[in-house]
Amino acid sequence: MEQDKIRNIAIIAHVDHGKTTLVDQMFKQNGMFRENENIAERFMDSIDLERERGITIASKNASFRYRDYLINIIDTPGHADFGGQVERVLRMADGALLLVDAQEGPMPQTYFVLKKSLALALPIIVVINKIDKPAARPEWAVDQVFDLFVKLNAPDHILDFPVIFASAKQGYTVQESTDEKLSMKPLFETIISHIPSPSGDPRSPLQMLVSSIDYSPYLGRLGIGKITGGTLNINKEIVVAKCDGSLVPARISKVYRFEGSKKVAADIAGVGDIVAVAGMDDVTIGETYTDPLNPAPLPPMEIDPCTISTCFLPNSSPFAGTEGIYSTSRHLKDRLRREALSDVALQVEELGNGKGFKVSGRGELHISILIEKMRREGYEFEITRPQVIMKKDNGKLLEPFEELTIDVDKEYMGTVIEKLGKLKSQLLEMNQENETARLVYKIPTRGLLGFRSEFLTDTKGMGIMNYVFLEYGLFAGEIRNRNKGVMAVKEACTTVAYALFNLQDRGRLFYGPGVQVYQGQIIGERCRPQDMVVNPAKGKKLTNMRASGSDDNVILTPPIQMSLEECISYINDDELVEVTPRAIRLRKGNQL
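Residues numbered from 1 in each chain as written. Predicted model: local features only at pLDDT ≥ 70, side-chain atom pairs only at ≥ 80, totals over all residues. Heavy atoms only, no water.

Engineer: Give me the packing of helix α4 (residues 108-119) against helix α5 (residues 138-151): which residues, what numbers.
Structural biologist: Interhelical geometry of α4 versus α5 gives an angle of 50° and a closest axis separation of 11 Å. Considering their axes alone, α4 and α5 lie oblique with respect to each other. Crossing geometry of α4 relative to α5 is assigned as right-handed. Across from Thr110, Tyr111, Leu114 and Leu118 in α4, the residues of α5 making contact are Leu148, Phe149 and Lys151. Along the lines of polarity and charge, the residues of the contact of α4 with α5 split into five nonpolar, one polar and one charged. (Axes fitted to C-alpha atoms, helices over the stretch in contact; angles between N-to-C directions. Helix = DSSP H or I, 4+ residues; strand = E, 2+ residues; numbered from the N terminus. Parallel < 35°, antiparallel > 145°, perpendicular 65-115°, else oblique. Left-handed = near helix turned anticlockwise from the far one by under 90°. Contact = heavy atoms within 4.5 Å. Nonpolar A, V, L, I, M, F, W, Y, C, P; charged D, E, K, R; others polar.)

Engineer: Run through the environment of arginine 508, naming residues and quoting values.
Structural biologist: Along the chain, the position of arginine 508 falls in strand β30 (residues 507-509). Using a relative accessible area of 42% as the deciding quantity, one classes arginine 508 as partly exposed. Residues arginine 508 and histidine 194, 314 residues apart in the sequence, show an inter-C-alpha distance of 58 Å. Setting aside its immediate chain neighbours within four residues, arginine 508 contacts Met487, Gly524, Glu525 and Ile560. (Buried < 20%, exposed > 50% of the residue type's maximum accessible area, 1.4 Å probe, protein only.)

Engineer: Pulling in residues and values, what's your account of the pattern of salt bridges?
Structural biologist: Opposite charge on two side chains permits them to pair, given that their charged atoms come into close proximity. Under the counting rule described, the total for this entry stands at 29 salt bridges. Taking the shortest distance from any N to any O, the salt bridge between arginine 335 and glutamate 377 comes out at 2.7 Å. Of this pair, arginine 335 sits in helix α8 (residues 329-342) while glutamate 377 is found in the loop between α9 (364-376) and β21 (381-383), placing the two residues 42 residues apart along the sequence. Owing to a relative accessible area of 35%, glutamate 377 belongs among the partly exposed residues under this scheme. The salt bridge involving arginine 376 is made with glutamate 372; its shortest N-O contact spans 2.9 Å. Separated by four residues within a single helix, arginine 376 and glutamate 372 lie in helix α9, roughly one turn from each other. Look at the salt bridges and you will find they share partners, linking Arg335, Glu339, Lys373 and Glu377 into a network. (Salt bridge = Lys/Arg side-chain N within 4 Å of Asp/Glu carboxyl O.)

Engineer: Describe a nonpolar patch on the surface, with residues and values.
Structural biologist: Residues Met390, Leu397 and Phe475 make up a contiguous nonpolar surface patch of about 210 Å² in total accessible area. Summarising the element assignment, leucine 397 is placed in strand β24 (residues 396-409). Given the relative accessible area of 34%, leucine 397 is considered partly exposed. (Patch = residues over 30% accessible without salt bridge, like charges linked within 9 Å, V, L, I, M, F, W, Y side chains within 5 Å. Areas by Shrake-Rupley, 256 points an atom, 1.4 Å probe, with all protein chains shown as cover.)

Engineer: Tell me what's going on with unusual backbone geometry, and back it up with residues and numbers.
Structural biologist: Positive phi outside glycine occurs at lysine 130, with the angle close to 65°. Tracing the sequence through the fold places lysine 130 in the loop between β5 (124-129) and α5. The backbone phi angle of asparagine 394 is positive, close to 55°, even though this residue is not glycine. Since its relative accessible area comes to 76%, asparagine 394 is described here as exposed.

Engineer: Can you break down the packing of aromatic side chains residue by residue, with the values?
Structural biologist: Per the counting criterion, the structure on display carries eleven aromatic pairs. Where tyrosine 326 meets tyrosine 379, the ring centres are 4.7 Å apart and the plane angle is 35°; that geometry is what we call tilted. Placement of tyrosine 326 in the loop between β18 (308-314) and α8 and of tyrosine 379 in the loop between α9 and β21 is noted, with a sequence separation of 53 residues between them. Take tyrosine 379: its relative accessible area is 7%, and that puts it in the buried class. Seen in terms of ring centroids, phenylalanine 451 and phenylalanine 455 are 5.8 Å apart; in terms of plane orientation they differ by 35°. Their pairing is tilted. With phenylalanine 451 and phenylalanine 455 both in helix α12 (residues 451-458) and four residues apart, this pair spans about one turn of that helix. For the pair phenylalanine 451 and phenylalanine 455, a shared accessibility class is recorded, and that class is buried. (Phe/Tyr/Trp six-rings, centres within 6.5 Å; stacked < 30°, edge-to-face > 60°.)

Engineer: Account for the state of the cysteines, with residues named and values stated.
Structural biologist: In protein structure, a disulfide is the covalent linkage between the sulfur atoms of two cysteines. Counted by the stated rule, this structure contains zero disulfides. Here cysteine 243 stays unpaired: no disulfide links it, and the sulfur of cysteine 306, its closest cysteine neighbor, is 15 Å away. Cysteine 567 takes part in no disulfide bond, and the closest cysteine sulfur to it belongs to cysteine 311, at a distance of 18 Å. (Disulfide = S-S within 2.5 Å.)

Below, the structure is given as structure tokens:
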């Protein structure tokens, strides 16, 4: 492909602003699918968890042809916890599409991804999406985006950004809101005219920074990146410049280009091509493929720090080894090391006692998605309570702070403000419009652990909260995790309805009747601060006498079903979450 006919563009946005739907339409309107082909909605969300949760978790590469141009698309996650995916793949792009919801305007993650793009001096095309919503205010959204560019000190040539109005769901884009709404063509033309072709000299030594990792069952690990110098072909002798400065010789065994969302084998690739390369089994993100005679390694990418950590331990409950395929410490080590190679924002360290691993990431969701993936693959293990990663500077203790943005109805605003006040947060901004309030807080990361479920309960499921890492600041003081005790099982048994009926007055239950439990397992939350040891198998004493009122039906309140994220944020320091392919259980760390 001619270098000046290539466009490499990243699609960046806040979560749920329509990135994946827009990519769907771009592919559909460029003949990438047959007319009779069955196309899944959000086909770029290829991971089961992405489809279930409706969010993009991992960045992906794809491409399509428009006229005689090849447009490489880099789809990125929109959630702050997966910001590491955005940071590494932006190095492959020569420009970016910034999607902004026409009703919500710029959100916290919009700020984050735009800041990273401007740091690389990428030209930006602003796409105001969802202009078909009844409450859409596209002109206001454009003004808010411009203010955000100014806040981030964007240079003048980037401040003069083109604006496209779109409805990805309806499949059209326009340059003016009054234009005829036909197709995505205005967006394609803007990409070709505004995004530059990739720079680099095809006659210079080979340079390709590995920005992503993929796996092939036949070829092993594949390094994905953009060629910024020279050419790459099969059987070529190269060296891999490691992050520690060493050079390791290798031979290219396969080169793949992206056509649509699939990888297609190619004999040769040149400057500007985004390719997947096989031939180096232990390649990691941030390394450079370069020429052995004239090596020219590229500087490794800088990644924002981890803010939260938890410990992964082999399962030690009485049910250990009965529900999972992989349960040993060695299995855990291999799986976590493999994940750390493909996710640069994740850090894995062995614990000193050799019994487990400390895993650090960007947030609750970042860690919980890894746990859920491992659970579905057949692993069973235990998780400790998450801890924020503290730092020390000149003897002062520092902790991570997040910028929290909340959109909530005015009737629930007082409750939310009261709750956040107890979490050591600081109100930075408050705006009210059309019976809705937007609150912006600076809050310790510790305060957000478990807050989402409480927030949704307090706002009857109608509130929206988003957060992004802000800075490290002075330790804000103690924050109480939970003010209620738990009900822990006295001995292994099967729960009985009569016993649960008598226990439900003492608090909230997590299980119904007929469930096998073990000593130390948590089956409910007590309404008082102290823990309570209970016997959920205690049956009714039988007599041969009938008494009025003693044979009433046992009526149980439905048990509470907690998600994985809620379980992780619920436990105290002396408690664990047992994770297996079949169940998620809470238990006391030292069994009773």
